[in-house]
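# Fold and contact review
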Amino acid sequence: MTETRKPLIAGNWKMNLNHLEAIALVQKLAFSLTREQLEAVETVVLPPFVDIRSVQTLVDGDKLVIGFGAQDLSAHPSGAYTGEIAGSMLAKLGCSYVAVGHSERRQYHEEGDELVAAKVRQALNNGISPILCVGEALDVREAGDHIAHSVSQLIAAVDGLTEEELAKVVVAYEPVWAIGTGRTASAEDAQEVIGALRQALGEKFGAVAERVRILYGGSVKSSNVAQIMAKPDIDGALVGGASLDAEEFAKIVRFPEHAGA
Ligand SMILES: O=C[C@H](O)COP(=O)(O)O
């Protein structure tokens, strides 16, 4: 974490919580966090598509300083793509962020680098910041190829962007072996890869790389977030399981207060 990039904690709910449960969780979150805490650490939830309208109504109605977004979007702007959701639809709902290339999409829906790049493009075309997920599976890490693999996924997805567009992208390094397993990468392991991602962006795009926020994701909890956030290139966390519990998620957002505890 550095002074120049605002910390971002994003909760990816995955396929959990209906729209009523979504309202309850966001309300609890708003009660648990002060305006100062929410201004110090950008706090975002990524609910399932069907919850977004309800979350938008609550956030707008109560003027909450909580952002929201989606977990995926179509690579196409509109048309005959049954079941897909366009970036323009998410923008109309007030989404600020959308996860792109999550390993669960790459693994279960066979999303490759080309599709992920097209989704990044659609997000940016609609004024939404993609949270671009990259990261290696266990076999790749054991072979020692984790940096090359993650850098390659990153560069494939941002190739062709302008510097101004890149500045709006959020990157999330999520080693697949740490997702939902309770096995967190050490802060040093996360910094190693995230530092390499920033360096690769610097080599390709120049100084704007210092403005890009790069998050860590994979079994982040209130008990480990502070040590992860202490690393210089890590600007936040993409939280899965722990974001489904409002109190635990609020504790993660309050990481500056329990740093060193
Ligand atoms: O998008 C979030 C990540 O996949 C991390 O999930 P997790 O915190 O449940 O390990």
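From a predicted model like this one, the values you see are computed outputs, not experimental measurements.

### Let's talk about the sheet that holds strand β2 (residues 42-46)
Taking strand neighbours around the barrel as the criterion, the eight strands line up as β1-β2-β3-β4-β5-β6-β7-β8 in a closed arrangement whose pairing is parallel. Adjacent strand axes in the sheet meet at a mean angle of 25 degrees, parallel and antiparallel pairs treated alike.

### A look at the site of the ligand
Every one of the 13 residues lining the ligand counts as a neighbour, but K14, H102, G180, S219 and G241 are closest to it. The side chain of N12 places a nitrogen or oxygen atom 2.9 Å from an oxygen atom of the ligand. Separating an oxygen atom of the ligand from a side-chain N or O atom of H102 is a distance of 2.8 Å. A total of 300 Å² of accessible area belongs to the ligand in isolation, and the protein chains cover 95% of it. Along the lines of polarity and charge, the residues of the shell around the ligand split into four nonpolar, seven polar and two charged.

### Observations regarding the UniProt feature "active site" (unreviewed entry) in the protein chain
Within this numbering scheme, the UniProt entry marks H102 and E174 as carrying the feature "active site" (unreviewed entry). For this annotated set, covering 73 residues, all C-alpha atoms fall within 8.4 Å of each other, a compact arrangement in space. Of the annotated set named above, H102 and E174 line the largest cavity. With a relative accessible area of 4%, H102 lands in the buried category. The class of E174 is buried, set by a relative accessible area of 6%. With residues up to four places along the chain from it excluded, the contact list for E174 reads H102, C133, V134, G135, E136, I179, G217, G218 and L238.

### Let's talk about the nonpolar core
Core analysis: the largest hydrophobic core is formed by 68 residues, its most contacted members being I9, V26, L132, L197 and Y216. Looking at which element gives the most residues to this core, the answer is helix α10 (residues 187-205), with seven residues. If we skip the residues at most four places from it in the chain, L197 touches V134, S150, V151, L154, V171, Y173 and I214.

### Remarks on the layout of surface pockets
Approximately 410 Å³ is the volume attributed to the largest pocket. Lining of the largest pocket is provided by 14 residues; of these, K14, M15, Q71, D72 and R105 occupy positions nearest its centre. Examining the composition of the lining of the largest pocket, we find that three residues originate from one element, helix α5 (residues 103-108), more than from any other. Residue classes in the lining of the largest pocket are distributed as six nonpolar, four polar and four charged. Empty space within the second largest pocket amounts to approximately 190 Å³. G180, S219, V220, G240 and G241 are the residues nearest the centre of the second largest pocket, which is lined by 16 residues in total. Residue composition of the lining of the second largest pocket, by class: five nonpolar, eight polar and three charged.

Procedures and definitions
- Residues numbered from 1 in each chain as written.
- Predicted model: local features only at pLDDT ≥ 70, side-chain atom pairs only at ≥ 80, totals over all residues.
- Heavy atoms only, no water.
- Pairing = 2+ DSSP bridges.
- Helix = DSSP H or I, 4+ residues; strand = E, 2+ residues; numbered from the N terminus.
- Axes fitted to C-alpha atoms, helices over the stretch in contact; angles between N-to-C directions.
- Near = heavy atom within 4 Å.
- Polar contact = N/O pair within 3.5 Å; in protein donor to acceptor, adjacent residues only side chain to side chain.
- Areas by Shrake-Rupley, 256 points an atom, 1.4 Å probe, with all protein chains shown as cover.
- Nonpolar A, V, L, I, M, F, W, Y, C, P; charged D, E, K, R; others polar.
- UniProt positions renumbered as here; feature names shortened; annotations may be inferred.
- 1 Å grid on protein atoms, 1.4 Å probe; cavity = no way out; pocket = protein on both sides within 12 Å on 5 of 7 lines; lining within 4 Å.
- Buried < 20%, exposed > 50% of the residue type's maximum accessible area, 1.4 Å probe, protein only.
- Contact = heavy atoms within 4.5 Å.
- Core = buried A, V, L, I, M, F, W, Y, C linked by side-chain atoms within 4.5 Å.
- Points joined across faces, edges and corners; volume = space filled by probe spheres on them.

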